[in-house]
Amino acid sequence: MTTFPKTSRRNFLKIAATAGGGLLLGFHWSKTEASAIQVVGSLADDVSFNSYLSISPEGIITIFSPNPELGQNIKTSFPMIVADELDADWTKVKVVQAGLDTKKYERQVTGGSGAIPHSWERLRKAGATARHMLVEAAAKRWNVSSSSLTAENSFVVDKAGNRKLSYGELATEASSIAVPKDVKLKEQKDFKLIGKAVRNVDNKDMITGKPLFGLDFYREGMLISMIQRPAFGMKLKSVDSAAAKAMPGIVDVVSFKNNVAVVGKSTWQVNKARKELKIEYEADGPLESTADHDRLFKDLMVKGEATVRRKDGDVDAAFKSAAKVITREYQCPFLSHSPMEPMNFFAHVRPDGVELIGPTQTPDRARMEVAKLLNMFPDNVTVELTRLGGGFGRRLQADYALEAAELSSILKAPVKVIWTREDDLCGGSYRPAVRYRFDAALDAQGNLVGYKLRGVGINAGNCTREDNFPSGAVDNLLIDSVEHKSPITTGPWRAPITNFLAFAEQSFLDEVAMAVKKDPVQFRLDLLDRAKSNPVGEIKYDIDRMKGVIKLAAEKSGWGTKKDLAQGFSVYFSHRSYVAQVAEIEMKKGKPSLKKIYAAADCGVVVNMSGAKQQVTGGVVDGLGHAMYSNLTFKDGLPEQKNFNSYRLIKIKEIPEVECHFVDNGIDPTGLGEPALPPTGGAVANAYFKATGKRLYNQPFSLQEELKGVTLGEKL
Amino acid sequence: MANYKLQINGRSYEADVDPDTPLLWVLRDNFGLVGTKYGCGIAQCGACTVHLNGNAVRSCTLPVSAVGSGKVTTIEGLSADGDHPVQLAWDEVDVAQCGYCQAGQIMSATALLNKKSKPTVAEIENAMNGNICRCGTYHRIKEAIVLASSKLK
Ligand code: FES
Ligand code: FES
């Protein structure tokens with residue numbers, strides 16, 4: 001396996017389409033029509049494809065991977081799918097990362113765990129098509145029926161004739177075989193690569209420190225800039241930049257919108273000069289603090305104008321006649337995405353076009369917004385993707401690309417805008433702070449007859465997921481939400497909304513199960529059976545898949561059989577996939593210690609076992625770390641935590657053992673970038689209750705009274 | 001501004017920079033050695049870890065003027081072709097997700113193993129606790145260090 005650095009499609013055609021022949025197929029991994037596979041003969045051919053597969057006469061197979069890579073393993077998993085259907089020798093496969101230079105990228109986006117589900121079948125088709133053409137070419141050469149031939153490891157094999165031809169030898173002839181309309185895909189049992197643990201194609205570059213990331217991008221003559229941005233609710237009043245401008249290495253200080261950009265020749269000089277800026281801001285809206293939000297949550301929970309999200313049956317009647325009502329509230333703070341690579345973007349605005357280079361999850365959004373801002377045709381804006389040093393949703397936003405473009409257009413020079421960690425933590429688009437209230441009505445027999453959920457969020461939109469479990473399993477149900485509009489910006493954060501909602505819901509269900517004296521696992525299974533046999537309203541989750549992960553997690557963790565350990569259960573459906581988790585806490589000398597988390601995932605077919613385990617383990621660690629430690633609070637529109645000394649991320653000492661299991665059900669892949677995160681907080685809180693009798697209602701856990709004196713994660 | 005001659009990866013480099021410029025930015029901006037990463041700038045994340053005379057140091061808070069004639073090793077200089085036992089273990093265990101923190105992780109791990117070729121799990125955790133991985137690759141980091149350690153004499 002080798003990889004090329006990112007390249008434009010045009011360059012790819014040059015790399016791939018060798019003058020000496022070979023086969024070059026263009027296809028659409030994002031298009032629904034089956035017609036979208038063609039032999040591409042030359043550069044003059046239409047450039048409307050967004051993926052290419054080439055086989056050189058030397059047998060080198062090159063696959064063009066157009067998706068942003070931010071650690072979700074797409075750059076490895078996509079080509080694996082193509083190569084499996086192609087029966088290619090993986091050691092001869094090269095992966096090329098695409099830039100964005102086409103109008104046709106409908107889903108060149110990494111977010112929502114959607115990349116693989118979106119393209120699974122099309123990638124398989126591309127591989128199978130090439131394989132078909134190679135086999136046909138061999139049949140023609142040998143003058144035998146193609147049905148007597150097989151393909152393996154980059155060879156077409158004629159078993160009867162005891163002969164074989166390599167893909168390289170056949171590639172040129174294959175390019176004149178008609179592209180089949182309908183090509184047969186493999187049976188899953190015949191997969192050779194899919195499901196195996198395949199190492200990341202970029203490992204070598206990453207472990208040797210190659211310049212892969214946006215922050216590493218350098219071009220002769222480019223300027224460096226850092227931007228001072230106002231607190232949320234403030235606007236720029238005046239700037240005195242004389243002292244900053246006088247600092248060594250500083251080229252200019254310019255203001256635009258509410259930004260003050262210090263521009264210079266080196267990062268450190270810019271960073272130093274920036275401290276010499278004298279900026280006055282004035283209020284432009286409310287300057288909010290965390291204390292205000294706490295008050296607001298209480299008010300809006302009772303008096304807020306709620307938008308109804310789902311209503312089944314008659315909740316009021318159910319609660320009036322209930323034998324018992326349980327009410328609980330849960331709250332979480334704002335969170336920063338904090339990818340290890342801070343935001344940055346390179347922009348060069350020229351009169352005839354714009355060149356953008358950097359780490360983004362949504363290159364097309366950056367391109368469209370920059371075109372609009374600068375009043376240019378989108379066709380004149382190119383975006384080249386670098387590798388992303390993490391995203392977690394932050395790089396779905398285009399703000400940091402836009403400001404780089406705006407600055408370059410003012411300076412009339414190429415510039416790279418760099419955010420410091422402080423800029424990153426203060427720069428917005430946070431996971432919104434949310435408070436939930438749950439009410440359960442139980443009848444005299446302990447049946448759950450009524451269920452209410454109200455979510456109050458700050459710029460959180462609909463902070464419920466009204467169709468998730470247990471909707472469909474309860475006769476009388478009301479789910480609504482209240483939103484407070486704030487100048488503090490928010491946006492999707494890995495597993496949007498469900499990253500906290502799952503904890504609240506799964507903690508609550510645990511309490512309800514205990515109130516009716518049922519085992520928490522059995523309680524959930526019973527509710528699911530109820531939803532299956534007698535559904536209430538529409539059901540938008542797959543009951544059998546949910547039961548599947550519940551049972552697998554219970555089995556693998558030895559649920560209910562361990563005398564010395566307190567186990568906590570949690571299960572959640574999000575972003576198309578299902579994950580159940582069991583957390584285990586051991587009491588040692590009266591102190592709880594989190595030992596292990598079992599995760600059972602149903603994400604359909606696992607493409608790359610190594611990548612899948614990474615996503616699940618990483619999701620669990622992420623879910624645990626943010627539930628336990630991370631906390632972004634505000635004072636007058638400014639975060640109080642400005643760097644990793646006060647904004648806590650989980651560390652290596654604080655992780656429990658994690659064991660992953662996957663349901664093997666042959667369903668087409670449904671994605672794994674997010675779904676392992678949401679269940680973790682609930683599993684841990686439920687285990688903590690079992691171990692100590694104390695309930696955790698608010699995050700981060702480490703700041704709660706109930707966790708005083710306890711370092712749950714650290715080994716004792 | 002002052003002139004500094006630095007010994008990095010067995011070669012000598014020269015830069016005209018302010019004395020308080022952190023080694024990190026001299027490596028990245030002046031010498032194009034961008035394998036060493038910026039993550040926090042205040043010695044809290046370990047992304048910028050390099051070796052100074054064999055010890056793991058955070059280059060984001062090490063002024064260039066304090067480096068003197070010390071021998072600096074960065075990720076680029078760890079091996080000729082990415083074949084240091086720690087790098088090989090990182091590949092074999094398939095540690096990296098986004099990869100951004102990994103140069104720093106590898107430099108911290110190597111410094112540990114240079115001092116103690118058979119560290120205990122607790123020693124591994126202690127040595128690595130200052131290196132944050134936002135992607136949560138900690139399990140494989142531990143696994144890779146154990147693997148590399150098993151291959152060292
Ligand atoms: S950048 Fe030096 S420790 Fe974070
Ligand atoms: S691999 Fe992404 S931060 Fe460590």
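Reading the values: the criteria
Residues numbered from 1 in each chain as written. Chains lettered and ligands numbered in written order. Predicted model: local features only at pLDDT ≥ 70, side-chain atom pairs only at ≥ 80, totals over all residues. Heavy atoms only, no water. Pairing = 2+ DSSP bridges. Helix = DSSP H or I, 4+ residues; strand = E, 2+ residues; numbered from the N terminus. Axes fitted to C-alpha atoms, helices over the stretch in contact; angles between N-to-C directions. Contact = heavy atoms within 4.5 Å. Buried < 20%, exposed > 50% of the residue type's maximum accessible area, 1.4 Å probe, protein only. Buried area = accessible area lost by both parts, 1.4 Å probe. Salt bridge = Lys/Arg side-chain N within 4 Å of Asp/Glu carboxyl O. Arc of directions from axis to C-beta. Left-handed = near helix turned anticlockwise from the far one by under 90°. Nonpolar A, V, L, I, M, F, W, Y, C, P; charged D, E, K, R; others polar. Core = buried A, V, L, I, M, F, W, Y, C linked by side-chain atoms within 4.5 Å. Phe/Tyr/Trp six-rings, centres within 6.5 Å; stacked < 30°, edge-to-face > 60°. Lys NZ or Arg CZ within 6 Å of the ring centre and 35° of its normal. Domains from an automatic or database assignment. Polar contact = N/O pair within 3.5 Å; in protein donor to acceptor, adjacent residues only side chain to side chain.

When you look at the sheet that holds strand S9 (residues 163–166) of chain A in this model, what are you seeing that I'm missing?
Adjacent strands of a sheet pair through backbone hydrogen bonds, lying either parallel or antiparallel. All names here are of chain A. With antiparallel pairing, three strands are arranged side by side in an open sheet as S7-S8-S9. Taken across any chain shown, the strands that pair with only one partner, and hence form the sheet edges, are strand S7 (150–152) and S9. Averaged over neighbouring strand pairs, the angle between their axes works out to 30 degrees when direction is ignored. Where S7 meets strand S8 (residues 155–158), three bridges bridge the pair, whose relative direction is antiparallel. Paired with Thr-150 across the bridge in S8 is Val-157. Sheet contacts for helix H4 (residues 167–174): S7, S8 and S9; angle to S9, the most-contacted strand, approximately 70 degrees.

Any chance you could explain the sheet that holds strand S5 (residues 71–73) of chain B here in plain terms?
Residues and elements named next belong to chain B. Spatial strand order, S2-S1-S5-S3-S4: five strands in an open sheet with mixed pairing. Sheet topology places strand S2 (11–17) and strand S4 (55–58) at the edges, where each strand pairs with a single neighbour. Strand-to-strand twist in this sheet, taken as the mean axis angle between neighbours without regard to direction, amounts to 40 degrees. Relative to S2, strand S1 (residues 2–8) is paired through seven bridges, and the arrangement is antiparallel.

Would you mind showing me how to read the environment of B:Gly54 here?
Residues and elements named next belong to chain B. Position of Gly-54 relative to the elements: it lies in the loop between strand S3 (49–52) and S4. Residue classification places Gly-54 among the partly exposed residues on the basis of a relative accessible area of 30%. Sequence separation of Gly-54 and Gly-99 is 45 residues, and the distance between their C-alpha atoms is 23 Å. Residues within four places of Gly-54 in sequence aside, it is in contact with Ala-111 and Lys-115.

Would you mind going over the interface of chain B and chain A with me for this structure?
Quoted interface sizes are often the accessible area lost when the parts come together. Across the boundary between the two partners, chain B contributes 47 residues, which contact 60 residues of chain A. For the pair chain B and chain A, the two sides together bury roughly 4700 Å², of which 57% comes from carbon and sulfur. There are seven salt bridges connecting chain B and chain A. Among the ionic pairs, A:Lys272 bridges to B:Asp18, the shortest N-O distance being 3.3 Å.

Is there a simple way to think about helix H2 (residues 85–93) of chain B in this case?
For an α-helix the count is 3.6 residues per turn, leaving residues at separations of three or four pointing the same way. Along H2(B), the residues that are buried comprise B:Val86, B:Gln87, B:Ala89, B:Trp90 and B:Val93. Buried positions in H2(B), seen along its axis, are confined to an arc of 160 degrees and lie on one side of it. Each element contacted by the buried residues of H2(B) is listed here: helix H5 (203–207) of chain A together with helix H3 (102–115) and helix H5 (138–151) of chain B. The first or second residue beyond H2(B) is B:Asp94, which carries a positive phi of 60 degrees.

How should the pairing of strand S10 (residues 223–228) of chain A be read in this particular structure?
For a regular strand, the rule is simple: side chains alternate between the two faces of the sheet. Residue and element names in this part refer to chain A. By the criterion of burial, S10 is predominantly enclosed, with five of the six residues buried. In this sheet, strand S20 (residues 415–418) lies alongside S10 in parallel orientation, the contact comprising three bridges. Each bridged residue has a counterpart across the sheet, and for Ser-225 the counterpart in S20 is Val-417. Bridge analysis of S10 against strand S13 (residues 259–264) gives five bridges, and the strand direction is antiparallel. Each bridged residue has a counterpart across the sheet, and for Ile-224 the counterpart in S13 is Gly-264.

What is the right way to read the packing of helix H10 (residues 363–374) of chain A against helix H11 (residues 399–411) of chain A from this model?
Relative orientation and spacing of two packed helices are given, respectively, by the angle between their axes and the distance between those axes. All names here are of chain A. Packing of H10 against H11 brings their axes to within 9 Å, and their N-to-C directions diverge by 35 degrees. Handedness of the crossing formed by H10 with H11: right-handed. When H10 is examined against H11, the residues Ala-366, Glu-369, Val-370, Leu-373 and Leu-374 are found in contact with a partner set consisting of Ala-401, Leu-402, Ala-405, Glu-406 and Ser-409. Split into classes, the residues belonging to the contact of H10 with H11 amount to seven nonpolar, one polar and two charged.

What is the right way to look at the side chain of A:Asn271 in this model?
Tracing the chain through its elements places A:Asn271 in helix H7 (residues 267–274). Leaving out residues up to four positions away in the same chain, A:Asn271 has contacts with A:Met226 and A:Thr420.

Please explain the nonpolar core as it appears in this structure.
One recurring pattern in soluble globular proteins: nonpolar side chains tend to sit buried together. Ranked by internal contacts, the top residues of the largest apolar core, which has 170 residues, are A:Tyr436 and B:Trp90. It is helix H13 (residues 498–515) of chain A that provides the largest number of residues to this core, a total of nine residues. If we ignore the near neighbours within four places in the chain, the residues touching A:Tyr436 are A:Met301, A:Arg328, A:Glu329, A:Tyr330, A:Leu453, A:Arg454, A:Gly455, A:Cys463, A:Ile497, A:Phe500, A:Leu501 and A:Ala504. Counting residues in hydrophobic clusters, the runner-up holds 46 residues, among them A:Leu86, A:Ala174, A:Phe191 and A:Ile194.

Hey, could you run me through unusual backbone geometry in this one?
Peptide bonds are trans in most cases, and residues, glycine excluded, mostly fall at negative phi. Residue and element names in this part refer to chain A. Across the junction of Phe-469 and Pro-470, the peptide omega takes the value 5 degrees, indicating a cis bond. Looking at where Pro-470 falls in the secondary structure, it is placed in the loop between strand S22 (448–458) and strand S23 (476–484). The peptide bond linking Gln-699 to Pro-700 adopts the cis configuration, its omega dihedral lying at 0 degrees. Counting through the fold element by element, Pro-700 comes out in the segment after helix H17 (678–692).

Looking at this structure, how should I read the packing of aromatic side chains?
The relative placement of two aromatic rings is captured by the distance of their centres and the angle of their planes. Residues and elements named next belong to chain A. This structure, assessed with the given rule, holds 24 aromatic pairs over all chains. Seen in terms of ring centroids, Tyr-430 and Phe-634 are 5.6 Å apart; in terms of plane orientation they differ by 70 degrees. Their pairing is edge-to-face. Placement of Tyr-430 in the loop between helix H12 (421–426) and strand S21 (434–442) and of Phe-634 in strand S27 (residues 634–635) is noted, with a sequence separation of 204 residues between them. This pair shows no difference in class: Tyr-430 is buried, exactly as Phe-634 is. Members of the aromatic cluster, connected to one another through ring pairs, are Tyr-330, Tyr-436, Phe-438, Tyr-451, Phe-500, Phe-503, Phe-508, Tyr-697 and Phe-701. The ring of Trp-493 has Arg-431 lying over it, and the distance from NZ or CZ to the ring centre is 6.0 Å. One cation-aromatic arrangement involves Lys-452 over Phe-319; the distance from NZ or CZ to the ring centre is 4.6 Å.

I keep staring at the domain arrangement of chain B and nothing clicks. Help me out?
Residue and element names in this part refer to chain B. What the domain assignment lists for chain B is domain 1 (2–78) and domain 2 (85–151). A straight line from the C-alpha centre of domain 1 to that of domain 2 covers 21 Å. With 18 residues of domain 1 at the contact, the number on the domain 2 side is 14 residues. Interface area for domain 1 against domain 2, summed over the two sides, is near 1300 Å², with a carbon-plus-sulfur share of 58%. Applying the counting criterion to the domain 1 and domain 2 interface returns zero salt bridges. Where domain 1 touches domain 2, the interface holds six residue pairs in polar contact (both at pLDDT 80 or more). Tallied by class, the residues present in the side of domain 1 that touches domain 2 amount to seven nonpolar, nine polar and two charged.

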